Amino acid sequence: MSRIKGKEPKKGKRIAAPQQIPSTSNHDLEPPVFCLRYLDKTYGLDGCDKDEKAALASTLYKLSQLSWRQLRLAPRHGVGYEIIDRNSFCVAIPKHITEDVDLIAFRFSGLAPMVGYKDREIFRIVWLDRAFQVYDHGN
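Not measured: the values here are computed from a predicted model.

Caption draft 1: Molecular detail of the sheet that holds strand β5 (residues 122-128). Spatially, β1-β5-β4-β3-β2 is the arrangement adopted by the five strands of the open sheet, whose pairing is mixed. The open sheet terminates on both sides in strands that have one partner only, identified here as β1 (33-35) and β2 (81-84). Here the strands of the sheet are splayed against their neighbours by 40° on average, with no regard to which way each runs. As paired strands, strand β3 (residues 103-109) and strand β4 (residues 112-119) are joined by six bridges and run antiparallel to one another. In the strand pairing of β4, A105 is matched with V115. Relative to β3, helix α1 (residues 50-63) is tilted by about 120°, and along the sheet it contacts β1, β3, β4 and β5.

Okay, structure coming up:
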């Protein structure tokens, strides 16, 4: 949204001016913000049916109500997440994800994981592993 230089947004008849949300330096205390920019074409939304898409939207909403700290402490097959070993991936990891970045998985549809990485408070979703083919799930 572009703004005219020097003009502040005003309250309209039906829409209030946006409030500035103060950002804390401790991103662990903030809820996640979700990004689909790097979502893989093969393991992305196109492969999902309408129930899986609805489950994804519902999960994103549910996760956005908790802080990263709460998610880190929650069970991995609940609303929590787990770190996935880079050596267990069956697909190529994009080059922009460096070796020092942890790849993590949240469950979004049953036990099917969405896999991505945390960048400050942002969770950048890379794969929707609905058929359990992105990484070796072991047992």
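Caption draft 2: Just the nonpolar core, in detail. Counting residues in hydrophobic clusters, the biggest one holds 16 residues, and the most contacted among them are F106, M114, F123, I125 and L128. Counting only elements with at least two residues in this core, the list comes to α1, α2 (68-73), β3, β4 and β5. With near-sequence residues (within four places) excluded, L128 lies in contact with L39, Y43, G44, L45, C48, L56, F108, P113 and M114. Of all hydrophobic cores here, the second largest spans 14 residues; its members include F89, V115, W127 and V134.

Caption draft 3: Highlighting the pattern of salt bridges. Throughout the structure, instances matching the rule amount to eight salt bridges. The partner of D119 in a salt bridge is R120, and the shortest N-O contact between them spans 3.7 Å. A relative accessible area of 47% means that R120 is categorised as partly exposed. With a shortest N-O distance of 3.0 Å, D119 and R124 are connected by a salt bridge. Among the charged side chains, a network of salt bridges with common partners joins D28, R69 and R72.

Caption draft 4: Expanded view of the packing of aromatic side chains. Per the counting criterion, the structure on display carries eight aromatic pairs. Among the aromatic residues, ring-to-ring pairing joins F34, W68, Y81, F106 and F123 into one connected group. Between K118 and the ring centre of W68, over which it is positioned, the NZ or CZ distance is 5.1 Å.

Caption draft 5: Looking closely at α1. Between its terminal C-alpha atoms α1 stretches 20 Å, which fits the 20 Å expected from 14 residues at 1.5 Å a residue. Buried within α1 we find E52, A55, L56, T59, L60 and L63. Take α1 and look down its axis: the buried residues cluster within an arc of 135°, on one side only. Residues K50, D51 and Y61 are exposed on α1 and point more than 90 degrees away from its buried face. Close packing links the buried residues of α1 with β1, α2, β3, β4 and β5. One side-chain oxygen of the residue at the start of α1 lies 3.0 Å from the amide nitrogen of D51, identifying that residue as D49.

What counts and how
- Residues numbered from 1 in each chain as written.
- Predicted model: local features only at pLDDT ≥ 70, side-chain atom pairs only at ≥ 80, totals over all residues.
- Heavy atoms only, no water.
- Pairing = 2+ DSSP bridges.
- Helix = DSSP H or I, 4+ residues; strand = E, 2+ residues; numbered from the N terminus.
- Axes fitted to C-alpha atoms, helices over the stretch in contact; angles between N-to-C directions.
- Contact = heavy atoms within 4.5 Å.
- Core = buried A, V, L, I, M, F, W, Y, C linked by side-chain atoms within 4.5 Å.
- Buried < 20%, exposed > 50% of the residue type's maximum accessible area, 1.4 Å probe, protein only.
- Salt bridge = Lys/Arg side-chain N within 4 Å of Asp/Glu carboxyl O.
- Phe/Tyr/Trp six-rings, centres within 6.5 Å; stacked < 30°, edge-to-face > 60°.
- Lys NZ or Arg CZ within 6 Å of the ring centre and 35° of its normal.
- Expected span 1.5 Å × (residues − 1).
- Arc of directions from axis to C-beta.
- Polar contact = N/O pair within 3.5 Å; in protein donor to acceptor, adjacent residues only side chain to side chain.

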